[in-house]
Amino acid sequence: MTAFFQKPLWLRILVAMVLGVILGFGIRPEGYLNGLIDGEAWSAALKLVGDAFIRLIRMLSVPLIFVSVAAAVVSIGDLSRLGKSGARIAALYIPSGLLAACLGVSLAMLIQPGAGIEAPAGLSAPPVKPPPTGADILAMFIPANPVKALAEGDMLSVIVFAILLGIGVLGAREAAKPVADVLDGAAHALTKLVTYIMELAPIGAFALMAWAVALMGADALVKLAALIGTVYLGCFIYGFVVYGGFIKFVLGLPILPFFKGMSEAMAVAYSTSSSNATLPVTMRCMIEKLGISRRMSAFVSSMGATVNMDGTAMYICIVTIFGAQLFGIPLDSGQLVGIVIAASLGAIGAAGIPGGSIVFIPLVLGIAGVPVEVIAIILGADRIMDMMRTVVNVLGDSAAAVAVAKWEGELDVDAYKDNQLREAPVAQSQG
Ligand code: ASP
């Protein structure tokens, strides 16, 4: 048993998933445990265990997005740098997050991974809400009462308030130092808490996988396989075609050295599901293989690991559309725009740790009016998708680093082409 707990988390989750599937088939009405145990009672108990895990995650959604966005703004240092860094983020990270989110929405609408089965019995779709008016949209962004927005988990309002609070803290300088420290400390503490909660993921994955299979049978696996397939396809398109195209056509550099140079970081990202944990390897690949100056790679990759998560933005969109399809909820264009914006913002707020984005999914589901039960259905398989979206997140940081380094003359193009530094380039010594 102790040996099991010493295995890497991803392996424990995978084993738990498989065991969950086996148990799930057993406790179905026609299952192999039929007559031996009370399948319905087991299913209800498993759902309870899974719900406990989901509640732990939901508990962190609002506080985490609030403090992490406010702390990120404060960490920029002062208002003039906020303008400069803000412009950089706006120019590079925001469009790429939005594009990834749009690709996620388009692929999910095209492939329809959640369509084709009845909404699982016992789970009902919420009543259809009337489309939002202009005043509703305004209220979504600008909260008249931020405490109410926090209490009700209005994601966009919370983010706007957090950004403005961050600006206020920067403006007040020394007088607001204690607030800056509290925000920073709280962001660290909550991120740590997500890591602890993810240690329980094998239990959650086991219980929720068994419950989903007991409820939907093989349909659950077919749907999850379709979801995983859609996410992987999206990640391949974004990671290889979009970034590859950007490197080739926007930056005018050969593509192959980019992917070859980043291969080690990609492997680490895939196995750890954490942009943060991969950061040292990402930086080493950027410096030693891509010829990016040390200074630039440190700046862009550390900022990117926290705010630039294209794989995550795409994933949140795909899951939301998947959920809407599963429950037969029609989405109008206003809601689709809301999903794209919220997913991109969620990706900015998400921590670069395993399952970092899960805490934001309930908030985006809320915008689309999709029941939060969707999380119970997908969570068992989240890790497999986390591995791939983390690769895209890391590749996105690296593509951004190559771009900024090239534009600012801090890229050793010969080293990039050869995937190795031959002599200390001028830009390196500046670092
Ligand atoms: N695991 C991802 C990362 O570290 C975040 C996420 O859950 O999407 O980049």
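Everything discussed here concerns the structure shown above.
This report concerns the structure included in the present document. (Residues numbered from 1 in each chain as written. Predicted model: local features only at pLDDT ≥ 70, side-chain atom pairs only at ≥ 80, totals over all residues. Heavy atoms only, no water.)

Notes on helix H7 (residues 155–172)
Working note: α-helix, 3.6 residues per turn, so residues spaced by three or four point in the same direction. Helix length check: H7 (18 residues) gives 26 Å between terminal C-alpha atoms against 26 Å at 1.5 Å per residue, within 8%. Listed in full, the buried residues belonging to H7 are Met155, Leu156, Ser157, Val158, Ile159, Ala162, Gly166, Val169 and Leu170. Note on H7: the residue one or two positions beyond its end, arginine 173, has a positive phi of about 50°. (Helix = DSSP H or I, 4+ residues; strand = E, 2+ residues; numbered from the N terminus. Expected span 1.5 Å × (residues − 1). Buried < 20%, exposed > 50% of the residue type's maximum accessible area, 1.4 Å probe, protein only.)

What to know about helix H14 (residues 294–307)
The first and last C-alpha atoms of H14 sit 20 Å apart over 14 residues, in line with the 20 Å expected at 1.5 Å per residue. Among all positions of H14, only Met296, Ser297, Val300, Ser301, Met303, Gly304, Ala305 and Val307 are buried.

Observations concerning the site of the ligand
In the vicinity of the ligand, 14 residues are found, and the nearest of them are Ser275, Thr312, Asp386, Arg389 and Asn393. One of the backbone nitrogen or oxygen atoms of glycine 356 is found 2.9 Å away from an oxygen atom of the ligand. Taking serine 357, its main chain carries an N or O atom lying 2.9 Å from an oxygen atom of the ligand. For the ligand, whose unbound accessible area comes to 270 Å², protein coverage reaches 100%. The element best represented in the shell around the ligand is helix H19 (residues 382–407), accounting for 4 residues. Its residues assigned to classes, the shell around the ligand comprises 2 nonpolar, 10 polar and 2 charged. (Near = heavy atom within 4 Å. Polar contact = N/O pair within 3.5 Å; in protein donor to acceptor, adjacent residues only side chain to side chain. Areas by Shrake-Rupley, 256 points an atom, 1.4 Å probe, with all protein chains shown as cover. Nonpolar A, V, L, I, M, F, W, Y, C, P; charged D, E, K, R; others polar.)

Section: unusual backbone geometry
Of note, the phi angle at glutamine 112 is positive, near 55°, even though the residue is not glycine. A positive phi angle, near 50°, is found at arginine 173, a position not held by glycine. Structurally, the position occupied by arginine 173 is in the loop between H7 and helix H8 (177–198). By relative accessible area, arginine 173 is classed as exposed at 67%.

Some thoughts on the side chain of aspartate 397
Mapped onto the elements, aspartate 397 comes out in helix H19. Here aspartate 397 occupies a buried position and makes no salt bridge, while the nearest side chain of opposite charge, arginine 389, is found at 13 Å. Those residues in contact with aspartate 397, other than ones at most four positions away along the chain, are Met286, Val300, Ser301, Gly304, Ala305 and Asn308. (Lys, Arg positive; Asp, Glu negative; His and termini not counted. Salt bridge = Lys/Arg side-chain N within 4 Å of Asp/Glu carboxyl O. Contact = heavy atoms within 4.5 Å.)

Overview of the pattern of salt bridges
Summed over all chains, the structure comprises 8 salt bridges. Close ionic contact of arginine 12 with glutamate 199 constitutes a salt bridge, the shortest N to O distance being 3.4 Å. Here arginine 12 is found in helix H2 (residues 9–26), whereas its partner glutamate 199 is found in the loop between H8 and helix H9 (201–216), with 187 residues between them in sequence. Among the ionic pairs, arginine 284 bridges to glutamate 288, the shortest N-O distance being 4.0 Å. Taken as a pair, arginine 284 and glutamate 288 lie in helix H13 (residues 275–289) at a separation of 4 residues, close to a single helical turn. Its relative accessible area of 36% is what places arginine 284 among the partly exposed residues. Assessed through its relative accessible area of 40%, glutamate 288 is described here as partly exposed. Here the residues in one salt-bridge network are Glu264, Arg284 and Glu288, joined through shared partners.

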